[in-house]
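Residues per chain, in single letters:
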Amino acid sequence: MATKLVYLEGSSPEATLCPVDIERLETLDKLKDHIASIFSVAEAGSISFHSESGLLTSIDEINRTVAKIGVRVDNQVIREPHGPRELPFVGNYFEIHPDHIGNHERLFHRYGNVIKTVVMGRTVYLTNDPRVAKVVFGENEFFTKMPSDFNHPLFSMNNNVALFIGDTTSPAFKLAHKFIPPSMSTNAAQRYMPILQNAVQDSFTVFDQLDGRQAAWNTYQYMLKLSGQVMTKVVLGMDVDHFDTVDTQLHEIVRLIGDYVLLGRTSSLSLPCLKYLPFSSARRLSVTTHRLISLLDQAAAAWPLPGAPDLPIPKAAVQSTCITDYLKRAVDEKNEKLPHEYLIPNIAVVLAAGISTTSSMLSYILYLLARYPDTQTKIFQEVVDNNVTPTTPWAYDTLMSLPYLDHFVKEALRLHGPAFQPARNAKKDVIVPGAYRIPAGAVVNPLFSSLHRNGDYWDNPGRFDPDRWMAADVKKHRMAYTPFAAGPRGCVGFNIAHLELRLVVALLVYRYEFVDVSAEPMRYDPEYLLDRLMNCYVRAIKRTTRPGKEL
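What counts, and at which threshold
Residues numbered from 1 in each chain as written. Predicted model: local features only at pLDDT ≥ 70, side-chain atom pairs only at ≥ 80, totals over all residues. Heavy atoms only, no water. UniProt positions renumbered as here; feature names shortened; annotations may be inferred. Helix = DSSP H or I, 4+ residues; strand = E, 2+ residues; numbered from the N terminus. Expected span 1.5 Å × (residues − 1). Buried < 20%, exposed > 50% of the residue type's maximum accessible area, 1.4 Å probe, protein only. Contact = heavy atoms within 4.5 Å. Pairing = 2+ DSSP bridges. Axes fitted to C-alpha atoms, helices over the stretch in contact; angles between N-to-C directions. Parallel < 35°, antiparallel > 145°, perpendicular 65-115°, else oblique. Nonpolar A, V, L, I, M, F, W, Y, C, P; charged D, E, K, R; others polar. Core = buried A, V, L, I, M, F, W, Y, C linked by side-chain atoms within 4.5 Å. Domains from an automatic or database assignment. Patch = residues over 30% accessible without salt bridge, like charges linked within 9 Å, V, L, I, M, F, W, Y side chains within 5 Å. Areas by Shrake-Rupley, 256 points an atom, 1.4 Å probe, with all protein chains shown as cover. Salt bridge = Lys/Arg side-chain N within 4 Å of Asp/Glu carboxyl O.

The name an unreviewed UniProt entry gives the chain is Cytochrome P450 3A25, with Talaromyces islandicus as the organism. UniProt's Cofactor (unreviewed entry) comment on the chain is quoted here verbatim: "heme".

Okay, here's the thing in structure tokens:
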């Protein structure tokens, strides 16, 4: 019999019953592909067929079956994601906040690997499953990125001419994606090595003074200064002089970026009706954005320098002084530039993403160095073994070849990666791994903090253990570790981020020993768009001796 009646298990057969002609489907895999296309199953290989007598394991068994045939995914019946009971107006807010990282883990444990949450009228599906993340990040027939959707976590910051916070379907996206990523390619990042090293070494005077006073300091506040100093130089070619003195205040651009990221988060956690109030987060975000764009426009006017020629994109990426210089000089194959109206919004997003993520990450890195002193010893020894001296200009190949430093940074990113807003939008109804049915239009957010702590894919996931990265099979799924997201909409600045994190750690550990002097357990800011520490204090004690090289 060439036609079979097939349905999705988990609902009444009549609801999804579909006649399927299998005469030309010669193998089970071909049948799975066909069924996946009919029922919008994201991973055809996860499909299995069942009858009243049990699992059907071959095309011959299916041909001999007269009864209706049920379809399962991952050997489970199709199901709707569940979540906690909603309260009026606020939804699940108090189930998730203020400790969203811990509460997400609790909710995954209770409801499964895909959960439905509603917060302040916004519905978002969350997942800790790398298999689901693979589908969601794919920018495929099932998912895309659309921050213009009200439910998207970046809705309040949406700008369709800016790469990170614009819709994939926006006409500006392809053009922005042509120009922006080359400025942060591996080759372009190497060009910024001297800039990064000088910017970090400029901070030594202040840290030396703090050591002389035997003073402790807040890791986030000073790493925001350091990251701001590094990224404004890389992106704008501008010196903000954050380390002129111990008490130098943040440059206004850096301060506004901090406000911009904070207000983007608080806006997404506010009731939509509040945006009309004069002092609402949404209104303040608008004012902050306007002022930031104005200052960036002034800073960008300094580039290009007189007489600097336009260059093809690949050459401009490695010959420009800073990213803004590149964006104003780079021309494509049609000898066209990035339109001016796209310039400043993209500079703003690159700068904001670079400063906010690395400042948060570096503050956690200093905490981990101080919390686990043996990691400092190993990094210090590794740097010494590579013939580094206080005046050595760091080479890219040397920095990226230090195995323990690499393992340390990866493990820090695994446990404390700062970003958690890589949400994507479902283009149509889809059944994802785990047999969860996601409705068309839904926002799905693979949570980095939960992906990276999923006990099905990590041994002892809550333990900070850089040595785990020595194992060849440390990642049991390629999406189990995705600190910079993945797919066509993954973070385009990951090359510079990797470079900055490693160089800052190498330079600071070579010069200082970090000691944790925090007076209370660590707390993170529940209202910030990223995961940032609030109350970590350390002392940076200048080293007076250095070990010999190990054989």
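From this point, the discussion proceeds with the structure in view.
Okay, the UniProt feature "transmembrane region" (unreviewed entry) in the chain next. According to UniProt, the "transmembrane region" (unreviewed entry) feature falls on residues 347–370. Secondary structure across residues 347–370 comprises 100% helix and 0% strand; the distance between its end C-alpha atoms is 34 Å.

A word on helix α2 (residues 28–39). Here α2 spans 16 Å end to end across 12 residues, near enough to the 16 Å set by a 1.5 Å rise per residue. Positive backbone phi, approximately 55°, marks Ser40, located one or two places after α2.

By the secondary structure assignment, His416 is in helix α19 (residues 403–416). On the accessibility criterion, His416 (14% relative accessible area) is buried. Setting aside chain neighbours within four positions, we find His416 in contact with Met361, Tyr364, Leu368, Arg453 and Asp531.

Turning our attention to the sheet that holds strand β5 (residues 69–73). Taken in spatial order, the 5 strands make up an open sheet running β2-β1-β5-β3-β4, and their pairing is mixed. Pairing within the sheet leaves two strands with one partner each, and these edge strands are β2 (18–21) and β4 (54–56). On average, each strand axis in the sheet is inclined to that of its neighbour by 45°, with strand direction left out of account. Pairing of strand β3 (residues 47–51) with β4 involves 3 bridges; the strand directions are antiparallel. Looking at the pairing, His50 lines up with Leu55 of β4. Against the sheet, α2 contacts β1 (3–8), β2, β3 and β5, and its axis sits at roughly 95° relative to β3.

According to UniProt, the positions carrying the feature "binding site: heme" (unreviewed entry) are Cys491. Checked against the element boundaries, Cys491 lands in the loop between α20 (448–451) and α21 (494–511). Residue Cys491 is classed as partly exposed on the basis of its relative accessible area, which comes to 34%.

What follows deals with the packing of helix α13 (residues 281–300) against helix α16 (residues 340–371). It is the contact of α13 with α16, at a shortest axis distance of 10 Å, that shows an interaxial angle of 105°. Put simply, α13 runs roughly perpendicular to α16. Together, Ile293, Leu296, Asp297 and Ala300 of α13 and His340, Ile344, Pro345, Ile347, Ala348 and Leu351 of α16 make up the contact between the two elements. By residue class, the composition of the contact of α13 with α16 is 8 nonpolar, 1 polar and 1 charged.

We now examine the pairing of strand β6 (residues 114–119). Counting buried positions along β6 yields 5 of 6 residues, so the element is predominantly enclosed. One ladder, built from 6 bridges, connects β6 with strand β7 (residues 122–127); its direction is antiparallel. Considered in β7, the bridge of Ile115 is made with Leu126. Between β6 and β7, which pair antiparallel in sequence order, lie 2 residues; one of them, Met120, sits at a positive phi of approximately 55°.

The next point concerns helix α17 (residues 373–385). With 13 residues, α17 ought to run about 18 Å at 1.5 Å a step, and its terminal C-alpha atoms sit 19 Å apart, in line with that. Of the positions making up α17, those classed as buried are Thr375, Gln376, Ile379, Phe380, Gln381, Glu382, Val383 and Val384. Buried-residue contacts for α17 involve α16, α19, α21 and β16 (512–516).

It is worth spelling out the nonpolar core at this point. Core analysis: the largest hydrophobic core is formed by 125 residues, its most contacted members being Trp217, Trp394 and Phe514. With 19 residues, α16 is the largest single contributor of residues to this core. Trp394 has contacts with Met193, Gln197, Val383, Val388, Leu399, Leu402, Leu503, Ala506 and Leu507, leaving out every residue within four places of it along the chain. Core analysis: the next-biggest nonpolar cluster, separate from the first, contains 24 residues, Ile22, Phe39, Ile69 and Val71 among them.

We now examine the domain arrangement of the chain. Examined at the domain level, the chain breaks down into domain 1 (3–73) and domain 2 (177–398 + 490–542). For domain 1 versus domain 2, the distance between C-alpha centres works out to 52 Å.

A cluster of nonpolar side chains, Val515, Val517 and Tyr537, forms an exposed patch at the surface whose accessible area comes to about 210 Å². Of note, Val517 is situated in the loop between β16 and β17 (537–542).

What follows covers the environment of Ala486. Structurally, Ala486 can be placed in the loop between α20 and α21. Residues Ala486 and Glu139 lie 347 residues apart in sequence; the distance between their C-alpha atoms is 9.7 Å. Not counting residues within four places of it along the chain, the set of residues in contact with Ala486 comprises Phe137, Arg424 and Met479.

Taken in spatial order, the 3 strands line up as β9-β17-β16 in an open sheet, and their pairing is antiparallel. Of all strands in the sheet, those bounded by a partner on one side alone are β9 (217–218) and β16. Each of β16 and β17 touches α21; the most contacted strand, β16, lies at about 90° to it.

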